[in-house]
Amino acid sequence: MASVTFSDVQKTYPDGTRAVIDLNLEIDDGEFVVFVGPSGCGKTTSLRMVAGLEDITGGELRIGDDVVNDLAPQQRDIAMVFQNYALYPHMSVFDNIAYPLESQGMKKPDIKDRVSRTAEMLGLTEHLKRRPRNLSGGQRQRVAMGRAIVRQPQVFLMDEPLSNLDAKLRVQMRAEITRLQEQLGVTTIFVTHDQVEAMTMGDRIVVMRKGVLQQQGPPELLYDRPANLFVAEFIGSPAMNLFRGRLDDGAIVLGDQRLPLPQRVLDERSGLAAYRGRELAVGIRPEHLVASATANGDLPRLAADVRFTELLPPERLVYATVQAPPVVTDDLLEIAKDVDAAAVERLEELEEEQFVLACARFDSSEVTPDRGTYEFAVRVDRVHFFDLSTGAAVR
């Protein structure tokens, strides 16, 4: 087992595309770190540089005390689990798991012992004689895991290993991988585009965008204290509600509504003093829009027009329009451009229409109207603020 250290690591392709830009990160021995971000953010490229499958064009990468920039993959003592499992279809489960050991020249009795122990750990003992085509998706994933585990490497690398599984299996395998990593204590880098996987699996999350590390830390830190608008939008499901607002005499102004801020909130967030009378982005997570009937009477109210609800026991998601300017970020525009010109036009219309379709998360037992005007209580002590020009959090 070993640590993994990125020091100003860069990856630039021959056509000039900068996939990873000055990545600085230290992953501790035995830590489970999840790289997350949208397609093209540099997370898989970072993983492939650790594996030796991509050349490093700048900086230094260490596994333990060794600089591995110029080492071949087989010299790095790592094991990788791929998205497509990469199993040998003509081999049995036993032979697939044993293959790395056979390549190392290990004696047959030792191979049998180690494969048997690995198969027992993964619940594959009764399947050792079967071929991959006769296994379910989850079982194939376990075989791929077994082939990595059996080597007893210093580092596990996992590239979107759950993306080919159905929803139920993904949940099961998330728990299985987390349990195995805790049991084995091997340094693990897990790449995913799914922020739910990231939030539920990692000791630490690394959020990337356009090749640049945006924020890293424990899941609860990224959720409670996002460093910028991108992290705030990306982490959390349903996503954070974002409004263009301003600060005026100790209150948040959204459209023609005012949400007074307690003095202690203003005292704790000294950075807000520079934004008095100025516009900024105001973020409210769905769970901080509270049902009025059960809310503390001191919480300010935000009037909205309920459009529809989704019952997802034990929760109910309530969607309502708030008359306030939306925050249309560069990332939303890029996503729209990938769709078509009409999507971009719709975003531009949204800015002109001056309303936000907000989401609130209630307990399913709480009564809310299916449609019509409703006043949400707002946990203003949990509201987030961001600079509109830089996207940086204001605290």
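This text gives an overview of the structure that appears in the document. What you see is a predicted model; the values in this text were computed from it and never measured.

This part covers the packing of aromatic side chains. Within this structure, the stated rule accounts for eight aromatic pairs. Considering the side-chain rings of tyrosine 88 and tyrosine 99, the 5.0 Å spacing of their centres and the 55° angle between planes classify their relative orientation as tilted. Highlighted residues: tyrosine 88 in the loop between strand E6 (78-81) and helix H2 (93-103) and tyrosine 99 in helix H2, separated in sequence by eleven residues. Assessed through its relative accessible area of 30%, tyrosine 88 is described here as partly exposed. Centre to centre, the rings of tyrosine 374 and phenylalanine 376 are 4.9 Å apart; their planes meet at 70°, and the pair counts as edge-to-face. A relative accessible area of 12% places tyrosine 374 in the buried class. In this structure phenylalanine 376 comes out as buried when scored by relative accessible area, which is 3%. Ring-pair connections join several aromatic residues into one group, and the members of that group are Phe362, Tyr374 and Phe376.

Another aspect to go through is the packing of H2 against helix H4 (residues 137-149). It is the contact of H2 with H4, at a shortest axis distance of 7 Å, that shows an interaxial angle of 30°. Relative to H4, the element H2 lies roughly parallel. You can see that H2 and H4 cross each other, and the crossing is right-handed. Across the interface between the two elements, Val93, Asn96, Ile97 and Pro100 of H2 pack against Val143, Gly146 and Arg147 of H4.

Once that is clear, we can look at helix H1 (residues 43-51). Taking burial as the measure, the nine residues of H1 include seven buried ones, the bulk of the element. A positive phi of about 85° marks glycine 52, the residue just after H1.

For the rest of this paragraph, the subject is the pairing of strand E4 (residues 58-63). With five bridges joining them, strand E1 (residues 4-12) and E4 adopt antiparallel strand pairing. Bridging across to E4, threonine 5 finds its partner in arginine 62. With two bridges joining them, E4 and strand E5 (residues 66-67) adopt antiparallel strand pairing. Bridging from a neighbouring strand, isoleucine 63 pairs with aspartate 66 of E5. Connecting E4 to the next strand, E5, in antiparallel fashion are two residues, including glycine 64 with a positive phi near 65°.

Calculation rules
Residues numbered from 1 in each chain as written. Predicted model: local features only at pLDDT ≥ 70, side-chain atom pairs only at ≥ 80, totals over all residues. Heavy atoms only, no water. Phe/Tyr/Trp six-rings, centres within 6.5 Å; stacked < 30°, edge-to-face > 60°. Helix = DSSP H or I, 4+ residues; strand = E, 2+ residues; numbered from the N terminus. Buried < 20%, exposed > 50% of the residue type's maximum accessible area, 1.4 Å probe, protein only. Axes fitted to C-alpha atoms, helices over the stretch in contact; angles between N-to-C directions. Parallel < 35°, antiparallel > 145°, perpendicular 65-115°, else oblique. Left-handed = near helix turned anticlockwise from the far one by under 90°. Contact = heavy atoms within 4.5 Å. Pairing = 2+ DSSP bridges.

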